[in-house]
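Breakdown of the fold
Each chain, written out:
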Amino acid sequence: MTNIKIDRRHALQGAAVAGTVGAIGIATAGRADAAVRPTAAPASAPTAVVAATYPTLKRGSTGTAVKDLQTKLSGAGYWLGSVDGSFGHLTQQAVWAIQKYWGLSRDGVVGPLTWGKVNLRQRPKSRYTTTRIEVDKARQLMFVVSSGAVQLCLNTSTGANKPFESGGHWYDGRTPSGTFKVFRYVPGWYHGALGDLYRPMFFNGGIAIHGSTSIPPYNASHGCCRLSTAAQDTIIARGALKIGATVTVY
C-alpha cells in the first residue's frame, strides 16, 4: 500500500509540473500574441516538436531560431544588420517594424502572431512608383523606395506632437506632412539645443532624418525622424539618403 501511495503522489506532482510549464509558456508569449490560444497538435506532430520549431523570442534570445527569424526578416526588407543568431538592438528594431506594418502590438516579442507574419516573407509595399524616402507617421515606419519597390523598412520615431519651447520660440512638435528635398547634411554628431543628432539630413527647416541612440516604437521626437545610428549609416552608404533626395511624409 505504501508504494501505491507514493507512486500516485508522484503522478500528481508530475501533472502539476506539466500544468505549470504550460502556464509559463502561455504567460511568456508576447502581448501581440495574448489573444492566441494553444490548439491541439496533429497526432503525427507532438506538441513539444511544434513548440520547439517557433519558440517565443525577445531581446537577449540567441540560437538557430533567432538566426531563422533574422534571415526571414532581412529577406523581406526589414533591415537588422547582420544575421548572427543574437537578438539585439537592431533585431528588436526590425521586429518592431514588422509588427507596425501588420498592425500588431509593438512589444518586440516574437510569439505566434508575429511568427505568422514573419513566415509570410512578404516585402512591404510603397505608395509610390518612384525613388524616395517614405515616412508613414501613422505606423511610425520609414521605407527606402527604389523605382516603387521597398528596399528597406525601418522602425522610426517622428514628432511627439507636443509643443515645446526653444530659443524663445514655441514649436508644435509635429513632423509636417508633404514632399520635400534633402538640402543639408551634417557629418558625424550634430549637437543641437534639443539634443544630439547623428549624421542628420535636413529636409524641412530644422527637421531631419537622423540617427539616434533612442528610437522607441512610438512617436517621441521634437519633429525629426529618428533611426538607429547603424540604419542611418546604411541608407547613407547606399546613396538612398543624400542631398537632393526626395522625402515624402504622410
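Attention in this report is confined to the structure presented alongside it. Computed from a prediction, not measured in an experiment: that's the story for all the values here. (Residues numbered from 1 in each chain as written. Predicted model: local features only at pLDDT ≥ 70, side-chain atom pairs only at ≥ 80, totals over all residues. Heavy atoms only, no water.)

What follows deals with the overall build of the protein. Scanning the protein for helices and strands turns up six helices and twelve strands. For the protein, the share of sequence-separated contacts (at least 6 apart) that also reach a separation of at least 24 residues comes to 54%. Surface exposure of the protein reaches about 13,000 Å², of which carbon and sulfur atoms provide 56%. (Helix = DSSP H or I, 4+ residues; strand = E, 2+ residues; numbered from the N terminus. Contact = heavy atoms within 4.5 Å. Areas by Shrake-Rupley, 256 points an atom, 1.4 Å probe, with all protein chains shown as cover.)

Our focus in this paragraph is the packing of aromatic side chains. Evaluated as defined, the whole model comprises six aromatic pairs. With a centroid separation of 4.8 Å and 50° between ring planes, the pair formed by Tyr 54 and Trp 115 is classed as tilted. One end of the pair, Tyr 54, is in the loop between α2 (47-53) and α3 (64-75); the other, Trp 115, is in helix α5 (residues 112-118), and 61 residues separate them in sequence. Overall, Tyr 54 belongs to the partly exposed group, its relative accessible area being 38%. Owing to a relative accessible area of 2%, Trp 115 belongs among the buried residues under this scheme. Summarising the aromatic geometry, the rings of Trp 189 and Tyr 198 are spaced 5.1 Å apart at their centres and angled 55° between planes, so their arrangement reads as tilted. Of the residues examined, Tyr 198 reaches a relative accessible area of 15% and is grouped as buried. Among the aromatic side chains, those forming a connected cluster through ring pairs are Tyr 101, Trp 102 and Phe 143. Seen from the ring of Tyr 250, Arg 127 lies directly overhead, with NZ or CZ sitting 3.6 Å from the centre. (Phe/Tyr/Trp six-rings, centres within 6.5 Å; stacked < 30°, edge-to-face > 60°. Buried < 20%, exposed > 50% of the residue type's maximum accessible area, 1.4 Å probe, protein only. Lys NZ or Arg CZ within 6 Å of the ring centre and 35° of its normal.)

Core analysis: the biggest nonpolar cluster contains 23 residues, and Leu 57, Leu 69, Leu 73, Tyr 78, Phe 87, Val 110 and Phe 143 have the highest contact counts within it. Mapped by element, the contributors of at least two residues to this core are α3, α4 (89-101), α5, β2 (141-146) and β3 (149-155). Every residue in contact with Phe 87, bar those within four places of it in the chain, is listed here: Leu 57, Lys 58, Arg 59, Gly 60, Ser 61, Val 66, Leu 69, Gln 92, Val 95, Gly 108 and Val 110. Core analysis: the second largest hydrophobic core is formed by 22 residues, Ile 133, Val 144, Ile 236 and Val 247 among them. (Core = buried A, V, L, I, M, F, W, Y, C linked by side-chain atoms within 4.5 Å.)

All right, on to empty space enclosed by the protein then. Evaluation of the coordinates by the stated rule reveals one cavity of 30 Å³ or more. Each pocket or cavity is described by its volume, and for the largest cavity that value is around 60 Å³. In terms of lining residues, the largest cavity is bounded by Trp 79, Gln 93, Ala 94, Ala 97, Cys 153, Leu 154, Asn 155, Leu 227, Ser 228 and Ala 231. Considered class by class, the residues forming the lining of the largest cavity number seven nonpolar, three polar and no charged. (1 Å grid on protein atoms, 1.4 Å probe; cavity = no way out; pocket = protein on both sides within 12 Å on 5 of 7 lines; lining within 4 Å. Points joined across faces, edges and corners; volume = space filled by probe spheres on them. Nonpolar A, V, L, I, M, F, W, Y, C, P; charged D, E, K, R; others polar.)

Turning to α4, a few remarks are in order. Spacing of three or four residues puts side chains on the same side of an α-helix, whose turn is 3.6 residues. For α4, built from 13 residues, the straight-helix expectation of 18 Å at 1.5 Å per residue is met to within 8% by its first-to-last C-alpha distance of 19 Å. Counting buried residues along α4, eleven of its 13 residues qualify, which places the element largely inside the surrounding structure. Every buried residue belonging to α4 is among Thr 91, Gln 92, Gln 93, Ala 94, Val 95, Trp 96, Ala 97, Ile 98, Gln 99, Lys 100 and Tyr 101, and all of these are buried. Against α3, α5, β2 and β3 lie the buried residues of α4. Count one or two residues on from α4 and you reach Gly 103, which has phi positive near 75°. (Expected span 1.5 Å × (residues − 1).)

Further remarks concern the sheet that holds β2. In spatial order, the strands read β3-β2-β1-β12-β6; together these five strands make up an open sheet with mixed pairing. Sheet topology places β3 and β6 (178-181) at the edges, where each strand pairs with a single neighbour. Strand after strand, the sheet turns through a mean of 20° between neighbouring axes, direction not considered. Across the face of the sheet, α4 comes into contact with β2 and β3 while running at roughly 110° to β3. (Pairing = 2+ DSSP bridges. Axes fitted to C-alpha atoms, helices over the stretch in contact; angles between N-to-C directions.)

This brings us to the packing of α3 against α4. A pair of packed helices can be characterised by two numbers: the angle between their axes and the separation between those axes. Remark: α3 packs on α4, axes separated minimally by 11 Å, with the N-to-C direction vectors making an angle of 60°. The angle between the axes of α3 and α4 places the two elements in the oblique class. In this structure, the crossing between α3 and α4 has a hand that is left-handed. The segment α3 lies against α4, with Leu 69, Gln 70 and Leu 73 engaging Thr 91, Ala 94, Val 95 and Ile 98. Here the residues of the contact of α3 with α4 are counted per class, giving five nonpolar, two polar and no charged. (Parallel < 35°, antiparallel > 145°, perpendicular 65-115°, else oblique. Left-handed = near helix turned anticlockwise from the far one by under 90°.)

Turning next to helix α6 (residues 229-237). Within α6, the full set of buried residues consists of Ala 231, Gln 232, Thr 234, Ile 235 and Ile 236. In this structure, the buried residues of α6 make contact with β2, β3, β7 (184-185), β9 (195-204), β10 (207-212) and β11 (225-228). Where α6 terminates, the next one or two residues include Gly 239, which has phi positive at roughly 80°.

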